[in-house]
Each structure stands twice: as C-alpha cells, then as structure tokens.
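Below are the chains, spelled out letter by letter.
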Amino acid sequence: MPDSPVAAALARFRRSGSSWLTLPFFTDGTADAVAARVDARIVDGAQVLPAPEDIFNALALTPLERVTVVILGQDPYPTPGDANGLAFSYVGPRRLPASLKVILAELGEPGMRPGTGDLTPWARRGVLLLNAALTVEAGKAGAHLRFGWSALTDQAVAAVSARSEPAVFLLWGAQARARVALVDATRHGVIECGHPSPLNRARDFPGSRPFDAANAWLEAQGLAPIDWRLT
C-alpha cells in the first residue's frame, strides 16, 4: 500500500516497548489487520482522525502498570482537529462538546471546572481514557466501530482486571457498562451510571459525582486519590 500512516503509527508504538504490547491484539495479527483496513480507507480518500501520531495516545500515556482508573468512550470526535487520541478529550478551537461539559461539571467545586477540554493530565496520572474505536472518519461518527478495534478495548479492560493492583472502572452508558463482565468486581471498583450525553433521556449522569466516588474507593483501599484538575 503506497500510503500507510496507520501501519506506520502502529510500528512506532511497537518500538516504544509499551507494556500493552503483550495483549493478543498486538501479537496475533489483529492490530495489523485493523491498521490495514483503516489505511485502505485513507487510500480511498477518507480523512481519518485523529492524526496518526495520536492514535495510540491512550496506551502510550497510560501504561498498563500505571492504570488506576479506567474511563471508556466510543470513538474520537469526527471533526478535524478536535481529538487527540484520549476518550472524551477535546483540543478543538470551539466550545467544549456537550458531553464533555456534563462530565467536567461533576468535578465539584466551580474552581475545579476548567476551560480546557484536553484530558492529557488525567492520562499522565493513571487514568486510562480508551475509546472502543481508536479511529473515525471526518463527519462520520462511528465509522470504524466495526473495524476490529473493540478487541483491543476488551483485552485492555481484562488486562487491568487481571492485575493484582486495584483499579476503578467508571462505566458510562450502555456500551461501556456491557464490559462490566470483564471486570473482577471482587478486587476492583466498578462505578456505573448513564452516558453523559445530553441525548440521554434518563439524565442519570448529572449529579452522579463519579470522580468523588472513584477517589473515595481508592482511598478506602489505602491508595492515593486522582488529582482531577486539568491545570
């Protein structure tokens, strides 16, 4: 294939030596097949997001051994320049997306609510912000949800659950909550609620205070709480 930016991004990630590379997704040919499928869409003229260097950001910034909290999203924002490879994270020039505004409102004190939507500081502090699909096409939300990325999401959740170190899983919405079966709830915290999208008619995310609940669970295990500030 003459232009294979996703395969190149995968090769770079493999050279990083990340602890995530032991997942079957990266060893049994699945990652290569997914990358080839995405690259084929690029050859066909599709604009794939995020930028290749950001596709594996969630795994690169939060190694398996450092995961303390897991937050699952669906796929990157489908507007060029908005996504940076972390679930719900927004680096675009416009107002924050509605779902992200709802999420950040749960931080509590007004001073904790940032003007930025870039969640990179969370990722660096042990919050795995992983989407069910790591790529999308411009203007086509959900375009790559059936490309095979979901195997990576399932394996990553199972790998965190298999560790002896406890972690908290924040499962928002039906798709994320469907993965609760992959988590050993006898050793890890599981905090479920509805999706933060304003389209969620149940409106069961606002007021759930998931960040306070996660920190309370961590502290009960004798672990340090997450600093949720984005400054």
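Summary of the structure given here.

Criteria and thresholds
- Residues numbered from 1 in each chain as written.
- Predicted model: local features only at pLDDT ≥ 70, side-chain atom pairs only at ≥ 80, totals over all residues.
- Heavy atoms only, no water.
- Helix = DSSP H or I, 4+ residues; strand = E, 2+ residues; numbered from the N terminus.
- Buried < 20%, exposed > 50% of the residue type's maximum accessible area, 1.4 Å probe, protein only.
- Pairing = 2+ DSSP bridges.
- Axes fitted to C-alpha atoms, helices over the stretch in contact; angles between N-to-C directions.
- Contact = heavy atoms within 4.5 Å.
- Nonpolar A, V, L, I, M, F, W, Y, C, P; charged D, E, K, R; others polar.
- Salt bridge = Lys/Arg side-chain N within 4 Å of Asp/Glu carboxyl O.

## Observations concerning unusual backbone geometry
Inference 1: Proline 50 follows leucine 49 through a cis peptide bond whose omega is -5°.
Inference 2: By secondary structure assignment, the location of proline 50 is in the loop between β1 (48–49) and α4 (57–61).
Inference 3: One non-glycine residue with positive phi stands out, namely phenylalanine 88, at about 70°.
Inference 4: Inspection of the secondary structure puts phenylalanine 88 in the loop between β2 (69–73) and α5 (98–105).

## Re the pairing of strand β5 (residues 168–172)
The side chains of a regular strand alternate, residue by residue, between the two faces of the sheet.
Inference 1: For β5, the tally of buried residues reaches five of five residues, placing the bulk of the element in the interior.
Inference 2: Here β5 shows no split at all, with Val168, Leu170 and Trp172 on one side and Phe169 and Leu171 on the other all buried.
Inference 3: Sheet topology places β2 next to β5; three bridges connect them, and they run parallel. Along β5, the bridge assignment pairs isoleucine 71 with leucine 170.
Inference 4: Across five bridges, β5 lies against strand β6 (residues 189–193) in parallel orientation. When the bridges of β6 are listed, phenylalanine 169 appears paired with valine 190.

## Describing the sheet that holds β5
Inference 1: In space, the four strands of this open sheet follow the order β3-β2-β5-β6, with parallel pairing throughout. Each edge of the open sheet carries a strand with a single partner, namely β3 (127–131) and β6. Within the sheet, the average angular offset between the axes of one strand and its neighbour, ignoring direction, is 20°.
Inference 2: Here β2 pairs with β3 via five bridges, running parallel. By the bridge assignment, valine 70 is partnered in β3 with leucine 128.

## Side note on the environment of valine 157
Inference 1: Residue position: valine 157 is located in helix α7 (residues 150–162).
Inference 2: C-alpha of valine 157 to C-alpha of valine 183: the two residues are 26 residues apart in sequence and 7.1 Å apart in space.
Inference 3: Valine 157 has contacts with Leu72, Phe169, Arg179, Leu182 and Val183, leaving out every residue within four places of it along the chain.

## Brief notes about the packing of helix α1 (residues 5–15) against helix α3 (residues 30–43)
Inference 1: Contact geometry for α1 and α3: axes closest at 7 Å, N-to-C directions at 145°. Facing α1, whose interface residues are Pro5, Val6, Ala7, Leu10 and Arg14, α3 presents Ala31, Asp32, Ala35, Val38, Asp39 and Ile42.
Inference 2: Here the residues of the contact of α1 with α3 sort into eight nonpolar, no polar and three charged.

## Brief notes about the pattern of salt bridges
Inference 1: Going through the model one piece at a time under the given rule, you end up with eleven salt bridges.
Inference 2: The closest approach of N and O atoms between arginine 14 and aspartate 32, which form a salt bridge, is 3.0 Å. Residue arginine 14 is located in helix α1, and its partner aspartate 32 is located in helix α3; the two are separated by 18 residues in the primary sequence.
Inference 3: Judged by relative accessible area, aspartate 32 falls into the partly exposed class, the value being 37%.
Inference 4: Put simply, glutamate 137 and arginine 41 hold a salt bridge, and the shortest N to O gap is 2.8 Å. With glutamate 137 in strand β4 (residues 136–137) and arginine 41 in helix α3, this pair connects stretches of sequence that are 96 residues apart.

By themselves, these figures tell us nothing about what the structure is for.
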